[in-house]
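Examination of the molecular architecture
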Amino acid sequence: MEDVIRHKEGKIALPHNALLLTFDDGYAEHFNHVYPVLKEMGIQGSFFVPAKAILEHTLLDVNKIHFILASLANTADILQDLKFDIEKNKLKHQLKSFDEYYAELAVANRFDNKDIIFIKRILQHALPEVVRNELSSKYFEKYVGIAERTFAKELYMNTWQLKQMVRDGMHIGCHGYDHYWWDKLDNGALHAEISKSKDFLQSLGCDMTNWTACYPYGSSSQDVIDELEKQGCKLAFTTEVDIVDIETASPFLLPRLDTNDFPPKSQNYKQHG
Ligand SMILES: [Zn+2]
């Protein structure tokens, strides 16, 4: 990562076909399975870690939703719950109707069918924060049935592990405090989200003259880029699927390939670069 930063600053050349490995969301599997292999091979990994999940043992909404979906016998159960709970909360929180949300959000993408994408979108950002937090916790309890704190301690790395990785030359980057969609926050909330995440990186012993970021859910915008730049960020990574043309790419809009873009899942990587 530091080589890419120095290259974008015009200080060093990068080898042809240089490769940068990034890992999002701070999973314990990254410490247990990825880090030992990288260490043995002498390769640096870059890990973008959501601070709150690590410090407060809460689950990211995205993970809560993954495990709810994985525990469902069929998606009709939770669609029925959502219909009931949206109608129940409609007046109090000025919600749209279930059918309106469904028409707007149930659009399949390259990973998910329309019911799955609807459940993800409605619980990740379409409902107001207070409602979606309440509902995703309620459904987690109903369908997964394990205490969130216990589950979070198993799922994510801890600060001791992260500090060891930093000492060992791994790069740990900013992925927000609360894993919000950054482009949906107002300026004050965005500033706080990034500042708190930087404090966390500093507490791990990261080099704060070379800090980088990865947009949660790929949520970049010009306002977000301006804030990152103002706070001294050097590079930021999107979820746009592409191979980086490092000479022309904006340092704040670096695309990546996802593991899902490689065999056995797909051949998407061949369409790029
Ligand atoms: Zn993430």
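Here, the structure is the one placed above.
Owing to the predicted nature of the structure, the values given are computational and were not obtained by experimental measurement.

Considering the overall build of the chain
Broken down by element type, the chain carries 12 helices and six strands. Here the C-alpha atoms of the chain give a radius of gyration of 20 Å, agreeing with the 19 Å that 2.2 N^0.38 yields for 273 residues. Evaluated residue by residue, the chain yields a buried proportion of 44% over its 273 residues. Counted over contacts in the chain with a minimum sequence separation of 6, partners at least 24 positions apart contribute 63%. If the 30 positive side-chain charges of the chain are averaged to one point and the 40 negative ones to another, these points end up 3 Å apart.

Side note on helix H8 (residues 129–144)
Compared with an ideal rise of 1.5 Å per residue, which puts 16 residues at 22 Å, H8 spans 21 Å between its outermost C-alpha atoms and is within 8% of the ideal. All of the buried residues along H8 are Val131, Arg132, Leu135, Ser136, Tyr139, Phe140, Tyr143 and Val144. Buried positions in H8, seen along its axis, are confined to an arc of 155 degrees and lie on one side of it. Counted as exposed and oriented over 90 degrees from the buried face of H8: Val130, Glu141 and Lys142. The secondary structure elements touched by the buried residues of H8 are helix H4 (61–71), helix H5 (75–89), helix H7 (114–126) and helix H9 (148–155). Count one or two residues on from H8 and you reach Gly145, which has phi positive near 75 degrees.

Details of the packing of helix H11 (residues 187–203) against helix H12 (residues 222–230)
Where H11 meets H12, the closest approach of the two axes is 10 Å, and the angle between their N-to-C directions is 45 degrees. Looking at the two axes, H11 sits oblique to H12. The element H11 and its partner H12 pack so that their crossing is right-handed. The residues of H12 that touch H11, namely those facing Asn187, Leu190, His191 and Ile194, are Asp223, Val224, Glu227 and Leu228. In terms of residue class, the contact of H11 with H12 is built from four nonpolar, two polar and two charged.

Comments concerning the coordination of the zinc ion
Protein-derived ligands of the zinc ion are Asp25 (OD), His175 (NE2) and His179 (NE2), with the metal-ligand distances lying across 2.1 Å. Donor residues for the zinc ion, ordered by position in the chain, follow D-x149-H-x3-H. A residue is classified by how much of its surface remains accessible, and His175, at 1% relative accessible area, is buried. Residue classification places His179 among the buried positions, given a relative accessible area of 5%.

What to know about a nonpolar patch on the surface
Among the surface-exposed residues, Val37, Met41 and Ile43 lie close enough to one another that they form a single nonpolar patch of about 270 Å² accessible area. Along the polypeptide, Ile43 turns up in the loop between helix H2 (28–41) and strand E2 (45–49). For Ile43, a relative accessible area of 34% puts it in the partly exposed group.

Cut-offs used in this document
Counting starts from 1 at the beginning of each chain's written sequence and moves along it residue by residue. Note on the predicted model: pLDDT of at least 70 is required for a residue's local features to be given, and 80 or more for side-chain atom pairs to be given and counted; whole-chain, interface and lining totals, by contrast, use all residues. As a convention, hydrogens and water are excluded, and side-chain values are obtained from all of the structure's heavy atoms. Secondary structure elements are defined from DSSP: runs of H or I of at least 4 residues count as helices, runs of E of at least 2 residues count as strands, and each element is numbered from the N terminus. The atom set for the radius of gyration is the C-alpha atoms, and the globule formula is 2.2 Å times the number of residues raised to the power 0.38. Each residue gets one of three labels from its accessible area relative to the maximum for its type: buried under 20%, exposed over 50%, partly exposed in between, using a 1.4 Å probe on protein chains only. The contact rule is simple, with two residues in contact once any of their heavy atoms fall within 4.5 Å. Think of it this way: Lys and Arg go in the positive column, Asp and Glu in the negative one, and His and the chain ends go nowhere. Note that the charge is assigned to NZ on lysines, CZ on arginines, CG on aspartates and CD on glutamates. Take the residue count of a helix, subtract one, and multiply by 1.5 Å to get its expected span. What the arc measures is the spread of directions leading from the helix axis to the C-beta atoms. Here an axis means a line fitted to C-alpha atoms, over the contact stretch when the element is a helix, while the angle between two N-to-C directions is reported on a 0 to 180 degree scale. When describing relative orientation, an angle under 35 degrees is termed roughly parallel and one over 145 degrees roughly antiparallel, while 65 to 115 degrees is termed roughly perpendicular and anything else oblique. With the far helix as reference, a near helix turned anticlockwise by less than a right angle produces a left-handed crossing, and one turned clockwise produces a right-handed crossing. Residues are grouped as follows: nonpolar covers Ala, Val, Leu, Ile, Met, Phe, Trp, Tyr, Cys and Pro; charged covers Asp, Glu, Lys and Arg; every other residue, Gly included, is treated as polar. Donor atoms are limited to N, O and S found within 2.8 Å of the metal ion, a distance that becomes 3.2 Å for Na, K and Ca. With water left out, some sites might look partial. Each patch is assembled from residues with relative accessible area greater than 30% and no salt bridge, linking like charges that lie within 9 Å and nonpolar side chains (Val, Leu, Ile, Met, Phe, Trp, Tyr) that lie within 5 Å. Accessibility throughout is a Shrake-Rupley quantity obtained with a 1.4 Å probe, and a residue counts as covered only by protein chains that appear here. Salt-bridge detection follows one rule: a side-chain nitrogen of Lys or Arg within 4 Å of a carboxyl oxygen of Asp or Glu.

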